[in-house]
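One letter stands for each residue in the lines below.
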Amino acid sequence: MNKTQIQISKLISYWLRHKPEEGNLTLDDFGWATIEDILVALKENGTEFNKSDLIELSNSFDKVRWKIDKTNNKIKATHGHSISILQELEPKTPPEILYHGTATKFLESIIVQGLKSKQRQYVHLSETIDMAKEIGARHGTPFIIEIETKKLVDNGWDFYKTEQDVWLTSEIPVKYLSFMPWDFTIDNKIKDTLLNQLKIEVGNKHILYAKTNMLVLVAKYGPSDDYLFNNPETNEYFVVHLTWSNRKEKDTWPITKQYDSFSEFISKRLMADQSDWNL
């Protein structure tokens, strides 16, 4: 190995073991980077390399320093990390319920998109509410999302448990998430039924009069007949307490609370409801 190769190998090991951000690399939970990202980083540092060059350099070492996954085009350092990475794990059967702690500011995107791994390879889940709260509180006021793992396992999800009692799995769609005590996964037929009930109850003095045809049902509050409706044209949200009287109500009935945005609903209603729910 010549001097240039030694310098290149030391630079790659430095990125993979200590400072991936200095090479603009994103490592997954287990320390893997894509070979493509490594080659781009080398080019930006004045070295033209291809995949074959990288494999040849790795094979020239006196001892194994890197692990290269040729099939998935990934590379990782085998040892010497100063950054925190996880060891490769075998799938395990998870508890029936796991929790994900997040901050309020991330809730809106999670409710729309589900749990995303982002820069990580896996979504991180906790065995207890307290552990989830501690994790969520790192980024702001915590909110706890509940996951029934059996549904995921039955549909092909694998789960892995780390030595730190953190559970890892693939990204989770919204339909598998529970934002107790609110339910955001209502069947479309039920949504139609509830919207029709709203139309029956709203009279001409109600805030929603003449708006019912524009509304979409978003969620149901578990402990009572409170329902969250959205007006997509104005992005207003309304929590309505349906009476189920099957007739036009008088004045301001059914009782309705207006929120100017989804974020306002989250901060002023959803968060308070979960806090009461977990008492």
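Scroll up to find the structure.
The shown structure was predicted, so the numbers you read here are calculated from the model rather than taken from an experiment. (Residues numbered from 1 in each chain as written. Predicted model: local features only at pLDDT ≥ 70, side-chain atom pairs only at ≥ 80, totals over all residues. Heavy atoms only, no water.)

## Some remarks on the environment of Trp182
Residue position: Trp182 is located in strand S10 (residues 182-183). C-alpha separation for the pair Trp182 and Thr149, spaced 33 residues apart in sequence, amounts to 19 Å. Residues within four places of Trp182 in sequence aside, it is in contact with Ala219, Lys220, Tyr221, Asp226, Tyr227, Leu228, Val239, Phe265, Arg269, Leu270 and Asp273. Among the polar contacts listed, one links the side chain of Trp182 to the side chain of Asp273, at a separation of 2.7 Å. (Helix = DSSP H or I, 4+ residues; strand = E, 2+ residues; numbered from the N terminus. Contact = heavy atoms within 4.5 Å. Polar contact = N/O pair within 3.5 Å; in protein donor to acceptor, adjacent residues only side chain to side chain.)

## Focus: the nonpolar core
With 33 residues, the main nonpolar core has Phe179, Phe184, Leu228 and Phe265 as its most contacted residues. Residue assignment for this core shows that the elements contributing at least two residues are helix H4 (104-113), strand S5 (123-125), strand S6 (142-148), strand S11 (216-221), strand S13 (236-241) and helix H8 (262-277). It is H8 that contributes the most residues to this core, five residues altogether. In this structure Phe184 touches Ile111, Phe179, Val218, Ala219, Leu228, Phe262 and Phe265, once residues within four positions along its chain are discounted. Judged by nonpolar contacts, the second largest core, of 19 residues, contains Leu25, Leu42, Phe49 and Leu54. (Core = buried A, V, L, I, M, F, W, Y, C linked by side-chain atoms within 4.5 Å. Buried < 20%, exposed > 50% of the residue type's maximum accessible area, 1.4 Å probe, protein only.)

## Thoughts on the side chain of Glu201
Here Glu201 lies in helix H7 (residues 188-201). Of the side chains bearing the opposite charge, Arg247 lies closest to the buried Glu201, which forms no salt bridge; the N-O distance is 9.1 Å. A polar atom in the side chain of Glu201 sits 2.9 Å from the backbone nitrogen of Thr243. (Lys, Arg positive; Asp, Glu negative; His and termini not counted. Salt bridge = Lys/Arg side-chain N within 4 Å of Asp/Glu carboxyl O.)

## Let's talk about the sheet that holds S11
One open sheet accounts for five strands, arranged S10-S11-S12-S13-S14; its pairing is antiparallel. Only two strands of the sheet have a single neighbouring strand rather than two, namely S10 and strand S14 (256-259). Strand direction decides the pairing type here: S13 and S14, joined by four bridges, are antiparallel. Bridging across to S14, Val240 finds its partner in Thr256. Strand contacts of H7: S11, strand S12 (226-231) and S13, with the helix running at about 90 degrees to S12, the strand carrying the most contacts. (Pairing = 2+ DSSP bridges. Axes fitted to C-alpha atoms, helices over the stretch in contact; angles between N-to-C directions.)

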